[in-house]
Amino acid sequence: MESAIGVLITQFKSYAGTDGPSNTLSKEEFHKLVASQLSNYVKNADNPKATEELMSSLDDNKDGELTFLEFWQLLGELASKQGGFSQ
């Protein structure tokens, strides 16, 4: 599990900061990450409007950026569905 967490952190960091703060994902960075890394798990991952709506639902403080903890919510939901743990 430790290596899986390391991969998630590395991927987040590789997308974060390309057009803003290096510890958050902008809308464009989030879209690129979802479209390239989660396209089999996120419906309409290639649609910028769909990823913008998804990002808005994760952005707890509504600042237009996703912290790693806000992004982690998505990973938890996707893992739960994939593992058959969601209702």
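All values derive from a computational prediction rather than experimental measurement. (Residues numbered from 1 in each chain as written. Predicted model: local features only at pLDDT ≥ 70, side-chain atom pairs only at ≥ 80, totals over all residues. Heavy atoms only, no water.)

Asks: So what exactly am I meant to see when it comes to the overall build of the chain here?
Replies: Counting secondary structure elements, the chain contains 4 helices and 0 strands. Put simply, the chain runs from its N terminus to its C terminus through helices and strands in the order α-α-α-α. Considering only C-alpha atoms, the chain reaches an extent of 35 × 30 × 25 Å along its principal axes. Scored against the burial criterion, the 87 residues of the chain give a buried share of 30%. Entry remark: accessible area of the chain is about 5800 Å², with carbon and sulfur atoms responsible for 52%. With 7 positive and 13 negative side-chain charges, the chain shows a spacing of 5 Å between the two charge centroids. (Helix = DSSP H or I, 4+ residues; strand = E, 2+ residues; numbered from the N terminus. Buried < 20%, exposed > 50% of the residue type's maximum accessible area, 1.4 Å probe, protein only. Areas by Shrake-Rupley, 256 points an atom, 1.4 Å probe, with all protein chains shown as cover. Lys, Arg positive; Asp, Glu negative; His and termini not counted. Charge placed at Lys NZ, Arg CZ, Asp CG, Glu CD.)

Asks: Explanation requested: the nonpolar core in the structure shown.
Replies: The nonpolar side chains of a soluble globular protein tend to be buried with one another. Ranked by internal contacts, the top residues of the largest apolar core, which has 18 residues, are L25, F30, L38, V42, F71 and L74. Those elements that place two or more of their residues in this core are α1 (2-15), α2 (27-37), α3 (48-58) and α4 (68-83). Here this core takes 4 residues from α4, the largest share from any one element. (Core = buried A, V, L, I, M, F, W, Y, C linked by side-chain atoms within 4.5 Å.)

Asks: Would you explain the layout of surface pockets in this entry?
Replies: Any empty space left between atoms is shown by rolling a water-sized probe over those atoms. In this structure, the largest pocket encloses a volume near 330 Å³. Along the wall of the largest pocket there are 15 residues; nearest its centre are L8, Q37, L38, L75 and L78. For the lining of the largest pocket, the secondary-structure elements that each account for two or more residues are α1, α2 and α4. Broken down by element, the residue count for the lining of the largest pocket peaks at 7 residues, all from α4. The residue makeup of the lining of the largest pocket, split by class, is 11 nonpolar, 4 polar and no charged. (1 Å grid on protein atoms, 1.4 Å probe; cavity = no way out; pocket = protein on both sides within 12 Å on 5 of 7 lines; lining within 4 Å. Points joined across faces, edges and corners; volume = space filled by probe spheres on them. Nonpolar A, V, L, I, M, F, W, Y, C, P; charged D, E, K, R; others polar.)

Asks: Would you mind going over the packing of α1 against α4 with me for this structure?
Replies: Between two packed helices, what matters for the description is the angle formed by their axes and the separation of those axes. Where α1 contacts α4, the two axes come as close as 12 Å, and the packing angle between them is 120 degrees. Accordingly, the angle class assigned to the pair α1 and α4 is oblique. For α1 against α4, the interelement crossing comes out right-handed. Here L8, I9 and F12 of α1 come into contact with α4, specifically with F68, F71, W72 and L75. Split by residue class, the contact of α1 with α4 holds 7 nonpolar, no polar and no charged. (Axes fitted to C-alpha atoms, helices over the stretch in contact; angles between N-to-C directions. Parallel < 35°, antiparallel > 145°, perpendicular 65-115°, else oblique. Left-handed = near helix turned anticlockwise from the far one by under 90°. Contact = heavy atoms within 4.5 Å.)

Interpretation note: all reported values are geometric properties and have no functional meaning in isolation.
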